[in-house]
Each structure stands twice: as structure tokens, then as C-alpha cells.
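Below are the chains, spelled out letter by letter.
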Amino acid sequence: MKRLINYHKYGRQEWAQFHGEYRHNIAAADLQQLKSVGDQISLEDVQEIYAPLRHLLHLYLNNYQQLSNAKARFLGQKPHQVPFIIGISGSVAVGKSTTARLLKMMLQRAYPQYKIEQITTDGFLYPNAELAARHLTADKGFPWSYDNEKLLRFLEDVKADQGPVTYPVYSHQINDVLPDQQEQIEHPDILIMEGINVLQLPQNQQIYVSDYFDFAIYVDADPQLIEQWYLHRFQGFLAWQRAHPDPTNFYYQFLEQPEDQVLVFAHRVWQETNYRNLLEYIAPTMQRADLILHKTTNHFIDKVYLRKY
Ligand SMILES: Nc1ncnc2c1ncn2[C@@H]1O[C@H](COP(=O)(O)OP(=O)(O)OP(=O)(O)O)[C@@H](O)[C@H]1O
Ligand SMILES: CC(C)(CO)[C@@H](O)C(=O)NCCC(=O)O
């Protein structure tokens, strides 16, 4: 990792001390609920990493609400709550959606009165057919493979908070945007938005996705480890297909092939697409984050970087 001049660096145990009043607030029942997300979430991560993070977000949230109210008073308007948006970035398969799910549950327990939503930018990719028509099939995930205008309009509508806002959904089962299917959110108090592109500079627009963020997190790890996680997830999807074959599933096509051949394919996709994207377009955005979670073997978070200014 490059030297991060503008960040305070904390080892895991040091960071764990910043838990505020929350550390002892996490019971075995909470952990059971957290585990229901289907990942190997450890009580240690919840207490040592996420409880301090929740404490920090509590400060940001309070500050944000006070400033929003003060601005409304300044303008002679009735104070109203504008959604607080948290962005999470990092490589494909680094664990962004797992981090987002965990954070959502932690925040929901702290603020049961709030509506907290989580979405991914994957749905804003152009559908496969459109990528093919634009000769961009091999560029999936690169900045220009997203409908960035649609993504910015979505964030604008969420902040404007004038009613339900719809968004497109991506499926890892079919490896495509779901056709004719939209989901919607309405008046979230907190929105967690994760995606490889959320800290990127705009293609043609005047504003960034991150202009709408009130707090941004980057999940970082050694690319060799991320490659292992990517391949492991690929094998997991494959194993699921073997047990539950479904011809509409993207991984079904590999069932006839020897596993080592399939892994060569997955390795190539990692090298030629996801790794290249990480080096050229994702990792350079790391220093736009307020907080960097650094992971090592087995997704263990060993270091946390908090931006100074
Ligand atoms: N804390 C963790 N402990 C164990 N496994 C984890 C953890 N976080 C993520 N994983 C595993 O790592 C893989 C990648 O995680 P995840 O799907 O959250 O990544 P992502 O960054 O959202 O990926 P993508 O950009 O492709 O959507 C998954 O197989 C997931 O189960
Ligand atoms: C959907 C994205 C772009 C981001 O999550 C990624 O998972 C992806 O599909 N990348 C393209 C190469 C691949 O199939 O892994």
C-alpha cells in the first residue's frame, strides 16, 4: 500500500478502543442476527471494528443533522431530514456488500427508528445486450460501462426526497441487469451505496457520485488475496449450480467442463478485467475515502485509516 499521508493509521487493537458506549451493547442475539447474512462474521469484527465505526458515524450523523437544520433556518425553511448517504468502494470481490450489510445491521440496531437502505451500483451497469452493442462486453465494470447519468439522477432524487425513487437491479445469477425489474426506496434516513465506481471521477458530467456522500469507506487488500476471494466465490457459485442446476444461471454453462479448465477461465477474467480495473480505475480512488479498512488473510481487518482533513 502507498504511504497515506493524509490519514491517521490505527492497528486493530488501537482502533477497537474507540467504541464509545457501544461495545457492550452487542449481545449474542445480535450476533446471531448478523450471522444470518450468511457470512462468517465474527463477534471480534463486530466489537473491534464495527462498533467503533458505528460510534464514529454517530458523530458524523449528528453533525450532518445539525448543519442541515441550521441551513434550513438560515433559508427560513422548515427543517427536514435529508437522507445521509454512506459510500463503500473497493475492488470486485473485496467484500463491499458484506461490509455494507454488516454496517446496515449495526446501524439499524443503534437507530431502530430510522429507515436504512442498502444498494449496489451494479444495477446501473448497461445491460449485457447494450454492452455488446457498444462493443464493451470485455469492459464490464470499467467506468464507461455504467449509465453514470442514471446513477447521478438516482442520487439527486434520493437527496431531493420528493417521493419513491426507483433503481435497476443486477443479478450475479444471470450476470446481467434484471430486465423489466426495478426496486424502489422511499425516504431513507440512511442509504448505504456500495460499488467499485462510487469514488470515481465523472466521465462527462460536472458532478461526482461522491458529491452526494456524507461519509465514504474504501475496503482495501492485497490484490493476490482478492484474487483468491474472487476465485473462491466463483467456485461457490459453481458448487451451488452443481447441487441446484438451473439452465438460466450464468454458471450452468460451466457444469460440463472440467473444474481446472473453468478455473483457468475465472483466473483470466480476474487478470484481464477485474485486476486491470482495480489497478487502473479503482485503487486510485482510495484516497478520496474518509475511512480505509485494510484486510489481510481470511478477511481479517488488521488496520484502519481515518482521514485527517
Ligand atoms: N468478513 C468476511 N468474512 C468471510 N468472508 C467474507 C467476508 N467478507 C466477504 N467475504 C466473502 O468474500 C467474497 C466477496 O465478498 P462480497 O460479495 O461482499 O464482495 P463485493 O466486494 O461486494 O463483490 P462485487 O463487487 O463483485 O459485488 C464473498 O464470497 C464473501 O462471502
Ligand atoms: C458486476 C461487477 C462489474 C461489479 O460487481 C463485477 O462483479 C463483474 O461482473 N465484473 C466483470 C468481470 C467478471 O465477470 O467478473
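Residues numbered from 1 in each chain as written. Chains lettered and ligands numbered in written order. Predicted model: local features only at pLDDT ≥ 70, side-chain atom pairs only at ≥ 80, totals over all residues.

Remarks on the site of ligand 1
Then, number 1: What surrounds ligand 1 is a group of 14 residues, the closest being Gly95, Lys96, Ser97, Thr98 and His299.
Then, number 2: At the level of elements, α4 (96-110) and α7 (223-243) are the ones that each hand at least two residues to the shell around ligand 1.
Then, number 3: It is α4 that contributes the most residues to the shell around ligand 1, three residues altogether.
Then, number 4: Broken down by class, the residue content of the shell around ligand 1 amounts to five nonpolar, six polar and three charged. (Near = placed C-beta within 6 Å. Helix = DSSP H or I, 4+ residues; strand = E, 2+ residues; numbered from the N terminus. Nonpolar A, V, L, I, M, F, W, Y, C, P; charged D, E, K, R; others polar.)

Describing the packing of helix α3 (residues 43-74) against α4
Then, number 1: At a closest axis distance of 10 Å, the pairing of α3 and α4 adopts a crossing angle of 60°. Looking at the two axes, α3 sits oblique to α4. Of the two elements, α3 crosses α4, and the hand of that crossing is right-handed. Contacts from Tyr50, Arg54 and Leu57 in α3 reach Leu102, Leu103, Met106, Leu107 and Ala110 in α4.
Then, number 2: Class assignment of the residues belonging to the contact of α3 with α4 gives a composition of seven nonpolar, no polar and one charged. (Axes fitted to C-alpha atoms, helices over the stretch in contact; angles between N-to-C directions. Parallel < 35°, antiparallel > 145°, perpendicular 65-115°, else oblique. Left-handed = near helix turned anticlockwise from the far one by under 90°. Contact = placed C-beta atoms within 7 Å.)

Concerning the confidence of the model for the protein chain
Then, number 1: When pLDDT is averaged across the protein chain, the result is 92; 93% of the residues are at 70 or more.
Then, number 2: This complex was scored by the predictor with a pTM of 0.95 and an ipTM of 0.96. (pLDDT = per-residue confidence, 0-100.)

Considerations on unusual backbone geometry
Then, number 1: The phi angle at Ala93 is positive, at roughly 70°, despite the residue not being glycine.
Then, number 2: Summarising the element assignment, Ala93 is placed in the loop between β2 (84-90) and α4.
Then, number 3: Positive phi, close to 60°, is recorded for Asn298, a residue that is not glycine.
Then, number 4: Here Asn298 shows up in the loop between β8 (291-296) and β9 (300-307).
Then, number 5: On the basis of neighbour count, Asn298 is assigned to the exposed category, with 9 C-beta atoms found within 10 Å. (Buried ≥ 20, exposed ≤ 12 C-beta atoms within 10 Å, placed from the backbone.)

Here's the deal with the UniProt feature "domain: Phosphoribulokinase/uridine kinase" (unreviewed entry) in the protein chain
Then, number 1: Per the UniProt record, "domain: Phosphoribulokinase/uridine kinase" (unreviewed entry) is found at residues 85-233.
Then, number 2: End C-alpha to end C-alpha, residues 85-233 measures 28 Å, and it is 30% helix and 26% strand. (UniProt positions renumbered as here; feature names shortened; annotations may be inferred.)

Details of the sheet that holds β8
Then, number 1: With respect to topology, seven strands assemble into an open sheet ordered β1-β9-β8-β7-β2-β6-β3, the strand pairing being mixed. Bordering the open sheet on either side are β1 (7-11) and β3 (116-120), each of which pairs with just one other strand. Averaged over all neighbouring strand pairs, the angle between strand axes comes to 20°, with direction disregarded.
Then, number 2: Both β3 and strand β6 (residues 190-194) contribute to a ladder of five bridges, which runs parallel. The partner of Ile116 across the bridge, within β6, is Ile190. (Pairing = 2+ DSSP bridges.)

Structural notes on the nonpolar core
Then, number 1: Of all hydrophobic cores here, the largest spans 62 residues; its most connected members are Tyr50, Ile85, Ile86, Leu103, Ile190, Ile192 and Ile217.
Then, number 2: If one sorts the elements of this core by residue count, α3 sits on top with seven residues.
Then, number 3: Once you skip the residues sitting within four places of it in the chain, Ile217 turns out to touch Ile86, Ile88, Ala289, Leu291 and Leu293. (Core = buried A, V, L, I, M, F, W, Y, C linked by C-beta atoms within 7 Å.)

With respect to the UniProt feature "binding site: ATP" (unreviewed entry) in the protein chain
Then, number 1: In the numbering used here, UniProt assigns the "binding site: ATP" (unreviewed entry) feature to Gly90, Ser91, Val92, Ala93, Val94, Gly95, Lys96 and Ser97.
Then, number 2: Gly90 gets classed as buried once you count the C-beta atoms within 10 Å, which come to 29.
Then, number 3: Setting aside chain neighbours within four positions, we find Gly90 in contact with Lys96, Tyr218, Val219, Asp220 and Ile282.
Then, number 4: With respect to the secondary-structure elements, Val94 resides in the loop between β2 and α4.
Then, number 5: Residue Val94 is classed as buried on the basis of its 26 C-beta neighbours within 10 Å.

Digging into the site of ligand 2
Then, number 1: The environment of ligand 2 is formed by Val92, Asp122, Lys140, Gly141, Ile196, Val269, Thr273 and Asn274.
Then, number 2: Classifying every residue of the shell around ligand 2 by side-chain character gives three nonpolar, three polar and two charged.

Focus on the packing of α7 against helix α8 (residues 259-282)
To describe two helices that pack against each other, one gives the angle between their axes and the distance between the axes.
Then, number 1: Direction vectors running N to C along α7 and α8 enclose 135°, while the axes themselves pass 10 Å from each other. Judged by the angle between their axes, α7 and α8 are oblique. You can see that α7 and α8 cross each other, and the crossing is right-handed. On α8, the residues touching Pro223, Glu227, Tyr230, Leu231, Phe234 and Leu238 of α7 are Val262, Leu263, Ala266, His267, Trp270, Asn274, Tyr275 and Leu278.
Then, number 2: In terms of residue class, the contact of α7 with α8 is built from 11 nonpolar, two polar and one charged.

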